Amino acid sequence: MRPEEPFNKTEFVFQGLTDNPLTQYIFLLIFLNIYLIIVCGNGVIFVVIWQNSQLHTPMYIFLLNLSIIDIASTSNILPKLCIMVFIQTISFEDCITQLYLFISFVCTEAFLLAAMAYDRYVAICYPLHYIIIMSFKHTVGLSVTAWMAGLLSPVGHVTLISKMSFCASHVIGHFYCDISPLLKISCSNIYDVEMLTYVVGILVGFFTLIFTLLSYVFIISKILSIKSKPGQGKAFSTCSSHLTCVIMFYGTMMCLHMRPTSTYSSKFDKCFALVYAALVPLLNPFIYSLKNKEIIKGLRKFKGQ
């Protein structure tokens, strides 16, 4: 039963991943190395695309933005997770900021993945009109729109949560500030926040997912109509990396947010949050570079320089 008396909103304490000191130091080493690999891997892809004028095409411009998202989203969570072995507290203002950035990056990534699906749809279904439809101006416009929509999406959540009262227990059962663990320790009526979460989830998550899936329905239909097997393989290879990232992203997001707060499980959420915060950004550079001849060529040129 929740205590009725609210506490002064000055700081929260993270529960973290474990209470065992030895395990905490092991996690520190693991996640510090993962964070450095994520920053270096995505940073190299960013520099390779930025410096190589031949890669200034819609697909690689979107990939450049995705690399920024991966670096920014992990920088919002993993460094705090690493120093949690020493400092487990976070101020209320920093907690709200972390929450805002987390939701912003998630929403921006959803819009970017949808834009990348649209790019592949145009490239495969309308190859003769690709240069006209996906012009540089159009590509930049889609990227800016994705960022603006992502940055505006969490404004409602941040406004409502910042006005809420919290119970005497100010321990967040997580390793970063997220909606569900904050609502779990709130003494206020959480109905408005939950409804807003579903609305934003539908407007951002559901519609971008449906748009992405519809794009792939047309893409797969077009690929199957190609008579030559090599032609089908070549067409599908241009989409396989993006499709893999879409599955990982929406899979973790659905498990994290598309369910009632009453079913909230700290261990369950921590596992999927780690997948999103560490594993997905870690794999993205490898997924997009290992089978991409242009990226590999750019990496060799970058290595030579």
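Refer to the structure printed above.
This one's a predicted model, so the numbers in the text were calculated from it and none came from an experiment.

About the cut-offs
Residues numbered from 1 in each chain as written. Predicted model: local features only at pLDDT ≥ 70, side-chain atom pairs only at ≥ 80, totals over all residues. Heavy atoms only, no water. Helix = DSSP H or I, 4+ residues; strand = E, 2+ residues; numbered from the N terminus. Rg over C-alpha atoms; globule rule 2.2 N^0.38 Å. Buried < 20%, exposed > 50% of the residue type's maximum accessible area, 1.4 Å probe, protein only. Contact = heavy atoms within 4.5 Å. Areas by Shrake-Rupley, 256 points an atom, 1.4 Å probe, with all protein chains shown as cover. Lys, Arg positive; Asp, Glu negative; His and termini not counted. Charge placed at Lys NZ, Arg CZ, Asp CG, Glu CD. Core = buried A, V, L, I, M, F, W, Y, C linked by side-chain atoms within 4.5 Å. Patch = residues over 30% accessible without salt bridge, like charges linked within 9 Å, V, L, I, M, F, W, Y side chains within 5 Å. Salt bridge = Lys/Arg side-chain N within 4 Å of Asp/Glu carboxyl O.

Caption draft 1: Representation of the overall build of the chain in the model. Looking only at helices and strands, the chain has eleven helices and three strands in total. Mapped from its N terminus to its C terminus, the chain presents α and β elements in the order β-α-α-β-α-α-α-α-β-α-α-α-α-α. Radius of gyration (C-alpha) of the chain: 21 Å, near the 19 Å computed for a compact globule of 305 residues. Over its C-alpha atoms, taken along the principal directions, the chain stretches across nearly 70 × 40 × 30 Å. In the chain, which comprises 305 residues, the share counted as buried stands at 47%. Across the chain, the fraction of contacts at a sequence separation of at least 24, relative to all contacts at a separation of at least 6, is 79%. Of the roughly 15,300 Å² of accessible surface on the chain, 71% is carried by carbon and sulfur atoms. Of the side-chain charges in the chain, 20 are positive and 14 negative, and the distance between the mean point of each set is 20 Å.

Caption draft 2: Representation of the nonpolar core within the structure. Residues Phe 12 and Leu 182 are the most contacted members of the largest nonpolar core, which totals 85 residues. Considering every element that reaches this core, the biggest residue donor is helix α3 (residues 92–125), with 19 residues.

Caption draft 3: Examining a nonpolar patch on the surface more closely. On the surface, Val 199, Ile 202, Leu 203, Phe 206, Phe 207, Ile 210, Leu 213, Leu 214, Val 217 and Phe 218 cluster together to form a nonpolar patch covering roughly 920 Å² of accessible area. By secondary structure assignment, the location of Ile 202 is in helix α8 (residues 191–225). Residue Ile 202 is classed as partly exposed on the basis of its relative accessible area, which comes to 40%.

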